[in-house]
Amino acid sequence: REFKTYSHYAYLVSDDSPPNSFQIVDLNYLPDSVHVVYDSNQLFQNSHTVFIDGHYLYCGYNRTLTNTYSMAVYDLAPNPELPVFVRGLNTDDPSINLVHDMFVRNDTVYASCGYQGMYVYKFTGSNFVSLGSLTSYPSNGYNHSSAMAPGSNKMVFCDEVPTGLPVKVIDVTNPSNIVFKSTFSSGSTATPHNPYMLGEHVVIAYYQDGLQIFD
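To keep things clear, this report deals only with the structure shown in the data block. Treat the numbers as computed from the prediction; the structure is a model and nothing was measured. (Residues numbered from 1 in each chain as written. Predicted model: local features only at pLDDT ≥ 70, side-chain atom pairs only at ≥ 80, totals over all residues. Heavy atoms only, no water.)

With that settled, consider the pattern of salt bridges. Applying the stated rule across the entire model yields four salt bridges. One salt bridge in this structure joins glutamate 2 and lysine 4, with 3.7 Å as the shortest N-O distance. Given a relative accessible area of 24%, lysine 4 falls into the partly exposed group. A salt bridge links glutamate 200 to lysine 154, with the shortest nitrogen-to-oxygen separation between them at 2.9 Å. (Salt bridge = Lys/Arg side-chain N within 4 Å of Asp/Glu carboxyl O. Buried < 20%, exposed > 50% of the residue type's maximum accessible area, 1.4 Å probe, protein only.)

Encoded structure:
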């Protein structure tokens, strides 16, 4: 279960087995109530993760009733209560099996693609253009998720499998030549799961070590 917000709406996805649905909640009536304005599997029924950049909704490992997309993009601008399907990554790069999670800034998508590594794309509004990738790096595993410091090209990402791998730091100034910088860990064999960055602080949810904050 994951959600992101756009304007006064929250977009909720789940990757539970069917029956399942995609939900949109209107937050405009808080704190008194919330209104579910969309709850259906007609647009899609499953998605593992979701990210919003501008007016685009990016959905990792997105499954409709008839298709499966490694990553799909939906447009929220025409009607936030009824997103419009725009593009599936499969059309432009069929080599990617799934996008587990993604970080998007200014239409540049940093896609964590599991054992295939990290791939960077530019979403033009109509298609994905490949910018680069990072498929081999120290202590590599299942490329799970990433985060970038505001106003910076410094990125951190986590590998989920095997257990206990360190967090990686990279420089993505040039996506066609991503520079590996360093690693760090919580000091134990705990597995880092989801990272977030607030300024120069990295906030990480660990499987065994709870919440850890690094400078």
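On to the pairing of strand S7 (residues 68-75). Counting buried residues along S7, seven of its eight residues qualify, which places the element largely inside the surrounding structure. Where strand S6 (residues 56-63) and S7 come together, seven bridges link them in antiparallel fashion. Residue tyrosine 56 lies in a different strand from S7, and its bridge partner there is aspartate 75. In this structure, the hairpin formed by S6 and S7 is closed by a connection of four residues. Across four bridges, S7 lies against strand S8 (residues 84-88) in antiparallel orientation. Bridge pairing in S8 places alanine 72 opposite glycine 88. (Helix = DSSP H or I, 4+ residues; strand = E, 2+ residues; numbered from the N terminus. Pairing = 2+ DSSP bridges.)

On inspection of all chains with the given rule, the structure shows 15 aromatic pairs. A centroid spacing of 6.4 Å and a plane angle of 20° characterise the contact between tyrosine 11 and phenylalanine 22, whose relative ring orientation is stacked. Of this pair, tyrosine 11 sits in strand S2 (residues 9-13) while phenylalanine 22 sits in strand S3 (residues 22-26), and the two are 11 residues apart along the sequence. Exposure class is identical for tyrosine 11 and phenylalanine 22. Each is buried. Taking 5.1 Å as the distance between ring centres and 85° as the angle between the ring planes, the aromatic pair formed by tyrosine 137 and phenylalanine 157 counts as edge-to-face. Of the two residues, tyrosine 137 sits in the loop between strand S12 (128-134) and strand S13 (143-148) while phenylalanine 157 sits in strand S14 (residues 154-159), which places them 20 residues apart along the sequence. Take tyrosine 137: its relative accessible area is 6%, and that puts it in the buried class. (Phe/Tyr/Trp six-rings, centres within 6.5 Å; stacked < 30°, edge-to-face > 60°.)

What is shown is where atoms sit, not what they do.
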